[in-house]
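Single-letter residue listing:
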Amino acid sequence: MRSTTKDTRELRKKEREQKMLLAALNDSTAVSMVDLHGNITFVNKNLCAISGYKKKDLLGQSHTLIYTNAFFSTIWDQVLKGKAWKGELCSRKKNGEQYWMLVSFTPNKNNKDEVDGYTSIQTDITAHKQSQNNPSFEHQSIDNTFDLNEAQRIAKIGSFNSTLSLNEVWWSNELYALFGLDPHNFIPSRKALYELIHPEDRGIFTQLLQSLIANKRTQSEFRAKHANGKWITLELIAQAKYDEYNNFNGSRGTIQNITERKEAIAALKYAYNIINRSPAVVFRWKNIEDLPVDFVSKNVFELSGYSAEDFLNKRIRYDDIIHPDDLQRVAEEVTKADNSGENNMYHHEPYRLITKQGTIKWVLDTTYIRRNTGGKVMFREGIVYDITKQREAEESLRKSESLLADMSKTAKIGGWELSLGEEPLQVEWTEEVFSIHELEPNQFPSLQDGINFYHPDDRATLEDAIKEAIEQGTPYNLELRIITAKNNQLWVRAICRPFIINGVVTKLTGTLQNITNRKNAELSIQHHLQLLKQKNKELNQFAYIASHDLQEPLRTVTNFVDLLNTKHKGTLDSDSNLYLNYITNSVARMQDLLHALLEYTSIGNYDKAPRSVNCDAILEQVRNDLSTQIGEKSAKLTVHPLPQVIGHEHELRSLFQNLISNAIKFCKPDSIPQIDISVNKVEHQWVFCVKDNGIGIEEEYREKIFVIFKRLHNQDEYQGTGIGLARCLKIVELHGGEIWVESKPNEGSAFYFSIPN
């Protein structure tokens, strides 16, 4: 609305400026405007005074009512071609009396540079013409030939007469006045006039004389210097004179100061250009059947998609573009304004238009009623604004507010505001805050009322936070308990933001959220975490016992087997030796499993925080550790440049070592292991790949291989504890990543694992 008010003020200012320009034009000349069809759309009071017609007699009528001269049809054809015309025309007044006019026709053009009418500026020169036609005209002395000073003064037209044979130039008193010259101190001559003409227009003056000799009559505009030093624009009309032998013998004619007229026309054109470029579309409707549009600014095209000519030529009516759902309401508002009996202005409620392209636009319409002296409505003038963007913004705001209210209700978040400076301090709550407190809305709680809802053990914390917010401008974000009006205990999150102006806190605003469910969940999680921590501790104790305490019996079994082998060496049969060998191998495998189990349970027991680890350096260490295994299989290891990551160096080294060792171990018979290690950056993590050309893995086993002690092959084929990939899974997950495998039998495997970047 502020934008609309500002636009209205600007438009009114432009209207005042336009009226001032028209007033200046009205006072000096007779003015009329005609549309493309030759119908009169504007006349001023001077034209009515000259012609004897009233405005109502002329408006809407054909211009041939004013210009009855037979030569006028030729002028009209020239104007339609976009060419201006200036000259003298004889016409007939309303009472039948003839009168002469000095007329200029200027074509009006639309924004497509097409002629859509003309503007006419006219001066009554009847008295001057009558003096020229007086039979005794040429026989009177030069000093009293044109006794028209008074008439010329009124019309602001000066006349001149020059005779080559007498070498004389005569100026009327008004011509001296046009230049601001003193008749007693200035002697008129062609040379003197030439020196007054603007240097850039002197060529025009020379051409005028040549044109006068060739065509017997000439007309042109030029600039000349006034006695006050200012440049003025003059219009000269001259007619050739001939002696008794038909030889050119001088000229006579008129010079008119058209400076104000030129400025007025330019200002009028400027005013129309401003209207056509403004966001407001100007309409005028005749109060006759179908309310035809007889004026509309060119910018109607931007609003409706229809050109001004579409409306003026009745190819489209304004009612045709009003949305059907709004048409009846708009019509009722128009009827109500008509029945008021006043030349009043009224505002339509916003309504919709349907453009030529089928889109819908919202408009704000201000209409002025124009009545005649009898109270009859003659015209309606409207200023129509496109408020589609404003309307869409309002609708978007409404939806946002509705969505915010729904979100607040869903998230159980409400807002509050505390204005400082008045006692007692009153706090404003939104509906959701009342709901959290289990109160009916539209109450006016004081600050102390709100504080009293908080749990006694939390109340002091809140009071201290509010005090610091008011005195020091310190915001707060607290999780506290409240006791509702229905005596239920809830957890809430109270957030406050102070507003500070010139170093003084003027108000506090914030939010209140019911976090009871989240808080209960957090407490439950904390409880379960404590239980989990205890279980993990017990599990670690069990693993320690299993890996340490069980080692002793195994060592005892190994010692006794060694004693039996030593005592009965060579005396035992083959079966007994085989059984003792089985016992020895089983004990050794059990010791390996217990050792692996101890290592597995120790993963994650870090004394130091994670740090930056150079993966290239780790791979170099792993290559050295596995040098024997690599040499035995002649394995080829290709390592691409690797990044630095945040983690635990020992665990990451174990991760790479297990994956590379498996790639060497599970190679195809009679083949050389080919192992490629690379990395890619994917979003916010590094994804490593350890790819081999080994035996591959069936799809059904891709998930099972990461299960602890899960083996796909017997001990005779491939040795191991079955815990290596389980270690890899645990290491990767403790670093916040994932591990997976892509493989096909006999085509090798690619183990991928991610480490957050």
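Provided above is the structure to which this section pertains.
Everything numeric in this text was worked out from a predicted model, so none of it was measured. (Residues numbered from 1 in each chain as written. Predicted model: local features only at pLDDT ≥ 70, side-chain atom pairs only at ≥ 80, totals over all residues. Heavy atoms only, no water.)

A count of helical and extended segments in the chain gives 25 helices and 28 strands. Looking at the 757 residues of the chain, the share that counts as buried comes to 41%. Sequence-distant contacts in the chain: of pairs separated by 6 or more residues, those separated by 24 or more amount to 52%. Taken as a whole, the chain presents about 43,900 Å² of accessible surface, with 51% of it coming from carbon and sulfur. (Helix = DSSP H or I, 4+ residues; strand = E, 2+ residues; numbered from the N terminus. Buried < 20%, exposed > 50% of the residue type's maximum accessible area, 1.4 Å probe, protein only. Contact = heavy atoms within 4.5 Å. Areas by Shrake-Rupley, 256 points an atom, 1.4 Å probe, with all protein chains shown as cover.)

On to the packing of aromatic side chains, then. This model, assessed by the stated rule, comprises 17 aromatic pairs. Ring centres of Tyr-67 and Phe-105 lie 5.2 Å apart, and the angle between their planes is 70°; this geometry places the pair in the edge-to-face category. Highlighted residues: Tyr-67 in the loop between helix H3 (55-58) and helix H4 (72-80) and Phe-105 in strand E4 (residues 98-109), separated in sequence by 38 residues. Judged by its relative accessible area of 3%, Tyr-67 falls in the buried class. Aromatic side chains Trp-76 and Tyr-118 sit 5.7 Å apart centroid to centroid with 65° between the ring planes, which places their arrangement in the edge-to-face category. One end of the pair, Trp-76, is in helix H4; the other, Tyr-118, is in strand E5 (residues 115-124), and 42 residues separate them in sequence. As far as burial versus exposure is concerned, Trp-76 and Tyr-118 are alike and both buried. An aromatic cluster of at least three residues, connected via ring pairs, comprises Phe-283, Trp-285, Tyr-306, Phe-311 and Tyr-318. (Phe/Tyr/Trp six-rings, centres within 6.5 Å; stacked < 30°, edge-to-face > 60°.)

With that out of the way, let us pick up the pattern of salt bridges. Per the counting criterion, the structure on display carries 23 salt bridges. A salt bridge links Arg-315 to Asp-310; the nearest nitrogen and oxygen atoms lie 2.9 Å apart. Since its relative accessible area comes to 52%, Arg-315 is described here as exposed. Among the residues examined, Asp-310 registers a relative accessible area of 13% and is labelled buried. Taken together, the shared-partner salt bridges in this structure form one network comprising Glu-479, Arg-518, Lys-519 and Glu-522. (Salt bridge = Lys/Arg side-chain N within 4 Å of Asp/Glu carboxyl O.)

Quick look at a nonpolar patch on the surface now. Where nonpolar side chains cluster on the molecular surface, the patch consists of Leu-578, Tyr-579 and Tyr-582 and spans about 330 Å² of accessible area. Relative to the helices and strands, Tyr-579 is located in helix H21 (residues 574-602). (Patch = residues over 30% accessible without salt bridge, like charges linked within 9 Å, V, L, I, M, F, W, Y side chains within 5 Å.)

In globular proteins that are soluble, nonpolar side chains generally tend to be buried together. One finds Ile-660, Ile-677, Phe-688 and Phe-753 to be the most contacted residues of the largest nonpolar core, which totals 36 residues. If you tally residues by element for this core, the top one is helix H24 (residues 649-665), at 7 residues. Setting aside residues no more than four positions away along its own chain, Phe-753 makes contact with Leu-655, Phe-656, Leu-659, Trp-686, Val-687, Phe-688, Val-732, Glu-738 and Ile-739. Core analysis: the next-biggest nonpolar cluster, separate from the first, contains 27 residues, Leu-478, Leu-490, Val-505 and Leu-508 among them. (Core = buried A, V, L, I, M, F, W, Y, C linked by side-chain atoms within 4.5 Å.)

This paragraph deals with the pairing of strand E9 (residues 231-242). Counting buried positions along E9 yields 9 of 12 residues, so the element is predominantly enclosed. As judged from the 9 bridges shared by strand E8 (residues 217-225) and E9, these two strands associate in the antiparallel manner. Paired with Glu-221 across the bridge in E9 is Glu-235. Between E8 and E9, which follow one another and run antiparallel, lie 5 residues, and Gly-229 among them has a positive phi close to 95°. Here 9 bridges tie E9 to strand E10 (residues 248-257), and the two strands are oriented antiparallel to one another. Considered in E10, the bridge of Leu-234 is made with Asn-257. (Pairing = 2+ DSSP bridges.)

A separate point is helix H22 (residues 615-625). Within H22, burial applies to Cys-615, Ile-618, Leu-619 and Val-622. Down the axis of H22, the buried set is contained in an arc of 100°. They therefore lie on one face. In this structure, the buried side of H22 is in contact with strand E22 (611-614), strand E23 (636-639), strand E24 (644-647), H24, strand E25 (674-682) and strand E26 (685-691). Where H22 begins, one side-chain oxygen reaches toward the backbone nitrogen of Asp-616, 3.0 Å away; that side chain belongs to Asn-614. (Arc of directions from axis to C-beta. Polar contact = N/O pair within 3.5 Å; in protein donor to acceptor, adjacent residues only side chain to side chain.)

The next point concerns the sheet that holds E9. Think of a sheet as strands paired side by side through backbone hydrogen bonds, with each pair either parallel or antiparallel. The strand order across the open sheet formed by 5 strands is E7-E6-E10-E9-E8, and the pairing between neighbours is antiparallel. The open sheet is flanked by strand E7 (168-171) and E8, the only strands paired with a single partner. For this sheet, the mean angle separating the axes of adjacent strands, direction not counted, is 20°. In this sheet, E7 lies alongside strand E6 (residues 157-163) in antiparallel orientation, the contact comprising 4 bridges. Pairing of Ser-162 across the sheet is with Val-169, part of E7. Sheet contacts for helix H9 (residues 202-215): E8, E9 and E10; angle to E8, the most-contacted strand, approximately 165°. (Axes fitted to C-alpha atoms, helices over the stretch in contact; angles between N-to-C directions.)

A complete count under the given rule lists 3 cavities of 30 Å³ or more for this structure. The computed volume of the largest cavity comes to approximately 210 Å³. Taken together, 16 residues line the largest cavity, and the ones lying closest to its centre are Trp-416, Val-427, Trp-429, Leu-447 and Tyr-454. If you tally residues by element for the lining of the largest cavity, the top one is helix H17 (residues 447-452), at 3 residues. Residue classes in the lining of the largest cavity are distributed as 14 nonpolar, 2 polar and no charged. (1 Å grid on protein atoms, 1.4 Å probe; cavity = no way out; pocket = protein on both sides within 12 Å on 5 of 7 lines; lining within 4 Å. Points joined across faces, edges and corners; volume = space filled by probe spheres on them. Nonpolar A, V, L, I, M, F, W, Y, C, P; charged D, E, K, R; others polar.)

Turning to the sheet that holds strand E3 (residues 85-92), a few remarks are in order. Pairing in this open sheet of 5 strands is antiparallel, and the strands run E2-E1-E5-E4-E3 from one edge to the other. Strand pairing shows two members of the sheet lacking a second neighbour, strand E2 (40-43) and E3, which therefore form its edges. Adjacent strand axes in the sheet meet at a mean angle of 30° when their direction is disregarded. Where H4 meets the sheet, it contacts strand E1 (30-35), E3, E4 and E5, and its direction lies at approximately 135° from that of E5.

Our focus in this paragraph is the environment of Thr-430. Mapped onto the secondary structure, Thr-430 falls in the loop between strand E18 (427-429) and helix H16 (431-436). When the C-alpha atoms of Thr-430 and Ile-413 are compared, they prove to be 9.4 Å apart, with 17 residues separating the residues in sequence. In this structure, Thr-430 is in contact with Gly-414 and Gly-415, ignoring residues within four places of it in sequence. Of note is the side chain of Thr-430, whose polar atom sits 2.9 Å from the backbone nitrogen of Gly-415.

In the Ramachandran plot, Glu-683 falls in the positive-phi region, its phi being about 55° despite a non-glycine side chain. Following the sequence through the fold, Glu-683 ends up in the loop between E25 and E26. Classification of Glu-683 as exposed rests on a relative accessible area of 69%. Residue Asn-746 is not a glycine yet carries a positive backbone phi of 65°. On the secondary structure map, Asn-746 appears in the loop between strand E27 (739-743) and strand E28 (749-756). For Asn-746, a relative accessible area of 54% corresponds to the exposed category.

Attention shifts here to the packing of H24 against helix H25 (residues 724-734). Working note: a packed helix pair is described by the angle between its axes plus the distance between those axes. Two numbers describe how H24 lies on H25: the axes approach to 9 Å, and their chain directions differ by 145°. The handedness of the crossing between H24 and H25 comes out as left-handed. Where H24 approaches H25, its residues Glu-651, Ser-654, Leu-655, Asn-658, Leu-659 and Asn-662 are matched on the opposing element by Gly-724, Leu-725, Arg-727, Cys-728, Ile-731 and Val-732. Residues of the contact of H24 with H25, tallied by class, amount to 6 nonpolar, 4 polar and 2 charged. (Left-handed = near helix turned anticlockwise from the far one by under 90°.)

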